[in-house]
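# Understanding the architecture of this molecule
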Amino acid sequence: MTLSTTDSVVTAPRATPDQPRPEYPRPDLDRSSRWLNLNGVWDFDAADAAPSITVPFAWETTASGVNRTWLEHAVYRRSVTVPEDWAGARVVLRFGAVHHHAVVRIDGSPVGEHTGGYESFEFDVTAHLVPGIASELSVEVHAPADKRAVPHGKQRSIPRDDYDGVSFTPTSGIWQTVWLEARGRTYARTVSLRGDSLTGFDLVVDTAGEAPAGAVVRARIRETGESVDVRADSEGRAVGRLEVAAPRLWSPAAPHLYRVEVAVGDGEHADTLIATAGLRRIETRGEQLVLNGERFSIRGVLDQGYWPETGLTAPDEAALRGEIALARGLGYNLVRKHLKFEEPLWLHEADVAGMLVWAEPPCPSRFSTEAAEAFEAQLPAMVERDGNHPSIVIWGLYNEEWGLDWDISGSPERAAAAEHAYETLRALDDTRPVVENSGWSHVRTDLVDWHYYEPDLAEWKRAVAAMADGSQDDFSVRLGPDFIVDKSFYASDAVPRTGVPIVNSEYGEGFTSLERAWHLRWETQELRRHDRFAGYVYTEFADVEHEAAGLLTTDRRAKDWGGCVPADVNAETVLILDLVPLRAGADIEPPREPFALTVHVSHHGRLPVDVRVQAAWLSAGAPVDGASARAARGRPDAVGAELRVEPFVVSDGVELTVSASPVAARLLVWATDTSGAVVARAFLDAAEVEAPNRRGARQV
């Protein structure tokens, strides 16, 4: 039950049926030398439900053993015994998350209560537990079916949400790890480390326990030994600066993390933990996103964090950590974690791997003063828990006016709520860009982002170009089968029409996996055609229940992408082909005679790259990374002139003269650098288009 650690190795115990998710849940704020995991089988008291439940899985899930939806009240119970060697320590009971209102008791005595279904929380229970003596821990949970004024994200509600068609099975009760920790007599309750100066960390430690006022706090970097001592004020807050003489910055290419040992007090009753953080600065400069002084572009994917049998809780540590590698393998450099505080373990993995994160809280579904206050009440806990993670480069707030009744533009009251949420989050953390209303109608934001779904690729191409050159700033949104509205980038003159980064943060079309992969290829290339945009976020990473829009299945397996390689689509260097394709599987008809194909190159690397674009015919459906493709590269059918491509400047067009192919075939198009290495790859499928849909490919 105890996690053993060294400076560089963490060894977690294996999960068992009696104790799932056995790993220490906070590697970013490590107290794993003395902890007790309380996951496992608890007694469960609820109407018409099973008498026991497996924590930490929501009672709606099969993994919990209860599998009950629309249960609104339940009581969890189990015996807990504090180890005898914790005598003299403060004992803290911690909850990763409980939806929605929890009342905690030990041996019938109230310990505390908490409201907020996604936030982590804790109680000092030293006075309630005696080392070596068993006690009963109970958690009474209220989870309202009517969630309209409750931040709940994509969980279904009764009455139904306006967006019920894209909502999923609720997650109620305890749905993240529960554990006990031993701490010093006076201890660090929170630790904030901000490294955006790039030369050291701004340190804030809130102390608690027996004597927080005047407590001495020492912060020491494990790797280098650099340290600082600060004394807490009368409120128990210690503020200081930890300088780093030879700073190593955190970036996706080199995700260096510092392990900072934070100690409160001295002697056997001192408190010690290890906090993880990185030196990095994210900022906006005009219409550019800049990381550590260098421009970068978001190549992101939206991830809702649901699992087939465990809901919002990952089934195990390996699955949760593995999602970062899967996203990286698809070519993405950012994950937008949608309407969910994801587990700190996932965020730590993003830190370690160098994956950028767009983090956002869940929304309510109907506007009221109560709902707006509940939405903002989450924000301090979000920043307190997750603010140290260098991987988080964007904070989101409302999504598509959910909880604002889809009506910012027509309601000064709702617009004011979005603006107030922005100001609240900005006051909590001014080190990251904040988006107040993702996707639609901005009133106060650091990024202008937009969600746009359009099945007609010709219209997509036209609209994206018009939004890039500023001639159009509105787009159609289907809110229901017969309810289409126009949404704008802007709902206030306070948002500049130029000089703010613009990001498409949701897009994607198609009903089958083949159609979705086809739209991914062609829609993404049009976003890359316009380097005014600061990036994109594709919808989405994995399927969720009835929503089959993922690149991966619900259990994170690859789908049939019809030859598309997502890593090519989302690469640092990509090819842009000047045509509007006909349909999935038939981008063009088999050319009866040679034809001209114009190709541009988009490069988002740090330095210019010299490339040569070439093309060759493959058999229909041949893998673009298979043996036949490798052979074809040695005998290209078309070779373009050498071209220098500057970072973030789409190249001039290179014209290829491609030979005829009277039968169905696949045209591989690729670019090599001066060493001969392939740096970009695309393809065209040539196939007959039967009447009445026959039409020629449109050259542009």
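Please refer to the structure higher up on the page.
Residues numbered from 1 in each chain as written. Predicted model: local features only at pLDDT ≥ 70, side-chain atom pairs only at ≥ 80, totals over all residues. Heavy atoms only, no water.

### Some points on empty space enclosed by the protein
Under the definition given, this model contains 9 cavities of 30 Å³ or more. There is about 210 Å³ of room inside the largest cavity. Along the wall of the largest cavity there are 16 residues; nearest its centre are Arg521, Val569, Leu575, Arg681 and Ala682. Within the residue set of the lining of the largest cavity, elements represented by two or more residues are α7 (513-528), α8 (566-569), β36 (573-577) and β43 (678-686). In terms of residue count, the dominant contributor to the lining of the largest cavity is α7 (5 residues). Residues of the lining of the largest cavity, tallied by class, amount to 10 nonpolar, 2 polar and 4 charged. Counted as a void, the second largest cavity has a volume near 80 Å³. If you trace the second largest cavity, you find it lined by Leu193, Arg194, Gly195, Asp196, Gly278, Arg280, Gly387, Asn388, His389, Pro390, Thr431 and Arg432. Of the residues belonging to the lining of the second largest cavity, the class tally is 2 nonpolar, 6 polar and 4 charged. (1 Å grid on protein atoms, 1.4 Å probe; cavity = no way out; pocket = protein on both sides within 12 Å on 5 of 7 lines; lining within 4 Å. Points joined across faces, edges and corners; volume = space filled by probe spheres on them. Helix = DSSP H or I, 4+ residues; strand = E, 2+ residues; numbered from the N terminus. Nonpolar A, V, L, I, M, F, W, Y, C, P; charged D, E, K, R; others polar.)

### Topic: helix α1 (residues 317-329)
With 13 residues, α1 should cover 18 Å at 1.5 Å per step; its first-to-last C-alpha distance of 19 Å lies within 8% of that length. The principal kink in α1, of about 30°, is found at Glu323. Leu320, Glu323, Ile324 and Ala327 are the residues of α1 that are buried. Looking at the buried positions of α1, the neighbouring elements they touch are β26 (298-303), β27 (334-337) and α2 (344-353). Capping the start of α1, Asp316 holds a side-chain oxygen 3.3 Å from the backbone nitrogen of Ala318, two or three residues further along. In the stretch just after α1, Gly331 is the one whose phi turns positive, near 95°. (Expected span 1.5 Å × (residues − 1). Bend = angle between axes of the 7 residues up to and from the residue. Buried < 20%, exposed > 50% of the residue type's maximum accessible area, 1.4 Å probe, protein only. Contact = heavy atoms within 4.5 Å. Polar contact = N/O pair within 3.5 Å; in protein donor to acceptor, adjacent residues only side chain to side chain.)

### Notes on unusual backbone geometry
Only a minority of non-glycine residues have a phi that is not negative, and only a minority of peptide bonds are not trans. The step from Val55 to Pro56 runs through a cis peptide bond, and the omega angle for that step is 20°. Cis geometry marks the peptide bond from Ile158 to Pro159; its omega dihedral reads 0°. You can see Pro159 is positioned in the loop between β13 (134-142) and β14 (173-174). Although it is not a glycine, Asp107 sits at a positive phi angle of roughly 50°. Summarising the element assignment, Asp107 is placed in the loop between β10 (101-106) and β11 (109-115). The phi dihedral of Phe648 falls on the positive side, at around 65°, and the residue is not glycine. Within the secondary structure, Phe648 is located in the loop between β40 (638-645) and β41 (654-658). Of the residues examined, Phe648 reaches a relative accessible area of 10% and is grouped as buried.

### Re the sheet that holds strand β38 (residues 595-603)
Ordered in space as β36-β38-β41, the 3 strands form an open sheet in which the pairing is antiparallel. Either end of the sheet is taken by a strand with one partner, and the two such strands are β36 and β41. When the angles between neighbouring strand axes are averaged without regard to direction, this sheet yields 35°. Examined bridge by bridge, β36 and β38 share 5 bridges and lie antiparallel to one another. Bridged to Thr573 within β38 is His603. (Pairing = 2+ DSSP bridges. Axes fitted to C-alpha atoms, helices over the stretch in contact; angles between N-to-C directions.)

### Re the layout of surface pockets
Of the pockets and cavities examined, the largest pocket occupies roughly 1,300 Å³. Of all the elements, strand β32 (residues 474-480) adds the most residues to the lining of the largest pocket, at 7 residues. Its residues placed into classes, the lining of the largest pocket shows 18 nonpolar, 12 polar and 14 charged. Its boundaries defined by the atoms lining it, the second largest pocket holds a volume of some 580 Å³. Along the wall of the second largest pocket there are 22 residues; nearest its centre are Pro252, Ala253, Phe296, Asn333 and Glu572. Looking at the lining of the second largest pocket element by element, the count peaks at 3 residues for strand β25 (residues 294-296). Its residues assigned to classes, the lining of the second largest pocket shows 8 nonpolar, 8 polar and 6 charged.

### Details of the packing of aromatic side chains
Scanning all chains against the criterion turns up 25 aromatic pairs. For the ring pair Tyr507 and Tyr538, a centre distance of 5.3 Å and an interplane angle of 75° mean the geometry is edge-to-face. A residue pair is termed long-range when its members are at least 10 positions apart, and Tyr507 in the loop between β34 (502-506) and α7 and Tyr538 in strand β35 (residues 535-538) qualify at 31 residues. Its relative accessible area of 1% is what places Tyr538 among the buried residues. Of the aromatic side chains, those joined through ring pairs into one cluster are Trp450, Tyr452, Trp460, Phe475, Phe489, Tyr490, Tyr507, Phe533, Tyr536 and Tyr538. The ring of Trp358 has Arg336 sitting right over it, with the charged end atom 5.5 Å from the ring centre. Against the face of Phe683 rests Arg521, its NZ or CZ located 4.0 Å from the ring centre. (Phe/Tyr/Trp six-rings, centres within 6.5 Å; stacked < 30°, edge-to-face > 60°. Lys NZ or Arg CZ within 6 Å of the ring centre and 35° of its normal.)

### Here's the deal with the sheet that holds strand β20 (residues 237-243)
The strand order across the open sheet formed by 3 strands is β16-β17-β20, and the pairing between neighbours is antiparallel. Of all the strands in the sheet, the pair left with one neighbour each is β16 (186-194) and β20. On average, each strand axis in the sheet is tilted by 25° relative to the strand beside it, whichever way the strands run. Relative to β20, strand β17 (residues 200-209) is paired through 7 bridges, and the arrangement is antiparallel. In the strand pairing of β20, Asp206 is matched with Arg237.

### Some words on the pairing of β32
Both β32 and strand β33 (residues 483-488) contribute to a ladder of 6 bridges, which runs antiparallel. Residue pairing for β33: Asp474 is matched across the bridge by Ser488.

### So, the pairing of strand β23 (residues 282-285)
Bridging between β23 and strand β24 (residues 288-291) involves 4 bridges; their strand directions are antiparallel. Note on β24: the bridge partner recorded for Thr284 is Leu289. A loop of 2 residues connects β23 with β24, the two strands running antiparallel in sequence, and Gly286 in this loop sits at a positive phi of about 60°.

### With respect to the packing of α1 against α2
At a minimum axis separation of 9 Å, α1 and α2 run at an interaxial angle of 40°. By the angle between their axes, α1 is oblique relative to α2. Pair α1 / α2 crosses with right-handed handedness. Here Glu317, Leu320, Arg321, Glu323, Ile324 and Arg328 of α1 come into contact with α2, specifically with Leu345, Trp346, His348, Glu349, Ala350 and Ala353. (Parallel < 35°, antiparallel > 145°, perpendicular 65-115°, else oblique. Left-handed = near helix turned anticlockwise from the far one by under 90°.)

### Concerning the environment of Gly265
By the element assignment, Gly265 lies in the loop between β21 (258-264) and β22 (271-277). Along the backbone, Gly265 and Glu642 are 377 residues apart, and their C-alpha atoms lie at a distance of 65 Å. Setting aside its immediate chain neighbours within four residues, Gly265 contacts Val216 and Ala270.

### Comments concerning the side chain of Glu23
Summarising the element assignment, Glu23 is placed in the loop between β2 (10-11) and β3 (29-30). Within polar-contact distance, the side chain of Glu23 engages the side chain of Arg21 at 2.7 Å.

### Remarks on the pattern of salt bridges
Within the structure shown, the criterion is met by 57 salt bridges. As a salt-bridge pair, Arg497 and Asp493 come within 3.9 Å of each other at their nearest N and O atoms. Across the pair Glu688 and Arg592 runs a salt bridge, and its minimum N-O distance is 2.8 Å. Here Glu688 is found in the loop between β43 and β44 (698-699), whereas its partner Arg592 is found in the loop between β37 (579-580) and β38, with 96 residues between them in sequence. On the basis of relative accessible area, Arg592 is assigned to the exposed category, the value being 57%. When salt bridges with common partners are traced through the structure, they connect Arg31, Arg94, Glu122, Glu181, Arg183 and Asp271 into a single cluster. (Salt bridge = Lys/Arg side-chain N within 4 Å of Asp/Glu carboxyl O.)

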